[in-house]
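Residues per chain, in single letters:
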Amino acid sequence: MVQIAPSILAADFARLADEVARVESAGASLLHVDVMDGRFVPNLTIGPPVVKALHAVTDLPLDVHLMVEDADALLPDFIDAGSAILSVHVEACRHLHRTIQTIKAAGVKASVVLNPASPVSLLHDILPEIDMVLLMSVNPGFGGQSFIASTLDKIRLLRETIDARGLDVRIEVDGGVKASNVRQIREAGADILVAGTAVFGCDDYAQAIHALQNEGARQDKA
């Protein structure tokens, strides 16, 4: 079954602990945490203290997406805060292999992110070293954007590459995910879907998550 990772970027930060508890009880598989530095992307969000606070109030794995220019400087703090997965941008890492090895040496799952204009070929050498690829299906920095349709071709190519090389690498998709496009995304080969407003923008979180899961399950049965 496709895994749903609600993004707290779309949550009510005045009631963050309650929001997290609600999506956990609603059937979320992971909790997606967007970290933005105001430099790599034109927005500023949260730091390690919030991740540490989340780690204390949920059993959901924390899927931390570092949209930052200097990921290496921040890795120790986010590792100590309780990240289960750390995603770094290929576009922002000068020595990507070293960064990935640092993450994995700490017992944290390592993921590499590709922006919409970045080709899958950039992952050729690092792919055997990582646990997940996060494909951005919107330009990073803001929630509520529309899904970029060409991402489907990128998902298919990445899925084919992973399978042909016999690798155990998950594919996560982030941006514009909603019930109406889940089947296409799942059909292309995605394993994990990040959902912000598609979950937190609804009154019933369980219904929203189940709708996404059910659409993905229909594709699995096809």
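Residues numbered from 1 in each chain as written. Predicted model: local features only at pLDDT ≥ 70, side-chain atom pairs only at ≥ 80, totals over all residues. Heavy atoms only, no water.

Peer 1: I would appreciate a short explanation of the side chain of Asp191 in the present structure.
Peer 2: Following the sequence through the fold, Asp191 ends up in the loop between α6 (182-188) and β8 (192-195). Look at Asp191 and you get buried, because its relative accessible area is 13%. (Helix = DSSP H or I, 4+ residues; strand = E, 2+ residues; numbered from the N terminus. Buried < 20%, exposed > 50% of the residue type's maximum accessible area, 1.4 Å probe, protein only.)

Peer 1: Teacher, can you tell me more about the UniProt feature "binding site: a divalent metal cation" (unreviewed entry) in the protein here?
Peer 2: When the UniProt feature table is mapped onto this chain, "binding site: a divalent metal cation" (unreviewed entry) is found at His32, Asp34, His65 and Asp174. In summary, the annotated positions, though distributed over 143 residues, converge in three dimensions, the widest C-alpha pair being only 10.5 Å. Among the residues examined, His65 registers a relative accessible area of 0% and is labelled buried. What His65 contacts, discounting residues up to four positions off in sequence, is His32, Val33, Asp34, Val35, Ser87, His89, Val113, Leu134, Met136 and Asp174. (UniProt positions renumbered as here; feature names shortened; annotations may be inferred. Contact = heavy atoms within 4.5 Å.)

Peer 1: Would you explain helix α4 (residues 96-105) in this entry?
Peer 2: An α-helix turns once per 3.6 residues; consequently, residues spaced three or four apart project the same way. Here α4 has its buried residues at Leu96, Thr99, Ile100 and Ile103. Buried residues of α4 fall within an arc of 95° about the axis and therefore sit on the same side. In α4, the exposed residues that point more than 90 degrees away from the buried face are Arg98 and Ala105. Considering only its buried residues, α4 is in contact with α3 (71-80), β4 (85-89) and β5 (109-114). Following α4 by one or two positions, Gly107 has its phi on the positive side, about 80°. (Arc of directions from axis to C-beta.)

Peer 1: Explain the UniProt feature "active site" (unreviewed entry) in the protein to me, please; I cannot follow it from the model alone.
Peer 2: UniProt records the feature "active site" (unreviewed entry) at Asp34 and Asp174, using the numbering of this structure. These annotated residues cover 141 residues of sequence, and their C-alpha atoms all fall within 10.5 Å of one another, placing them together at a single site. Mapped onto the elements of the fold, Asp34 is located in strand β2 (residues 31-36). Given a relative accessible area of 7%, Asp34 falls into the buried group. If sequence neighbours within four positions are ignored, Asp34 has contacts with Ser7, Leu9, Thr45, Ile46, His65, Met67 and Asp174. Separated by 2.9 Å, the side chains of Asp34 and Ser7 make a polar contact. Tracing the sequence through the fold places Asp174 in strand β7 (residues 170-174). Looking at Asp174, the relative accessible area reads 10%, which means it is buried. (Polar contact = N/O pair within 3.5 Å; in protein donor to acceptor, adjacent residues only side chain to side chain.)

Peer 1: Sorry, what's going on with the sheet that holds β8 here?
Peer 2: Backbone-to-backbone hydrogen bonds join strands into a sheet, with any given pair of strands oriented parallel or antiparallel. A sheet is described by the order of its strands in space; here eight strands give the open sequence β1-β8-β7-β6-β5-β4-β3-β2, paired in parallel fashion. If you trace the sheet from one side to the other, it starts and ends with β1 (3-6) and β2, each paired once. Taking each pair of neighbouring strands and ignoring which way they run, the sheet shows an average axis angle of 25°. Bridging between strand β3 (residues 62-67) and β4 involves four bridges; their strand directions are parallel. Paired with Leu66 across the bridge in β4 is Val88. (Pairing = 2+ DSSP bridges. Axes fitted to C-alpha atoms, helices over the stretch in contact; angles between N-to-C directions.)

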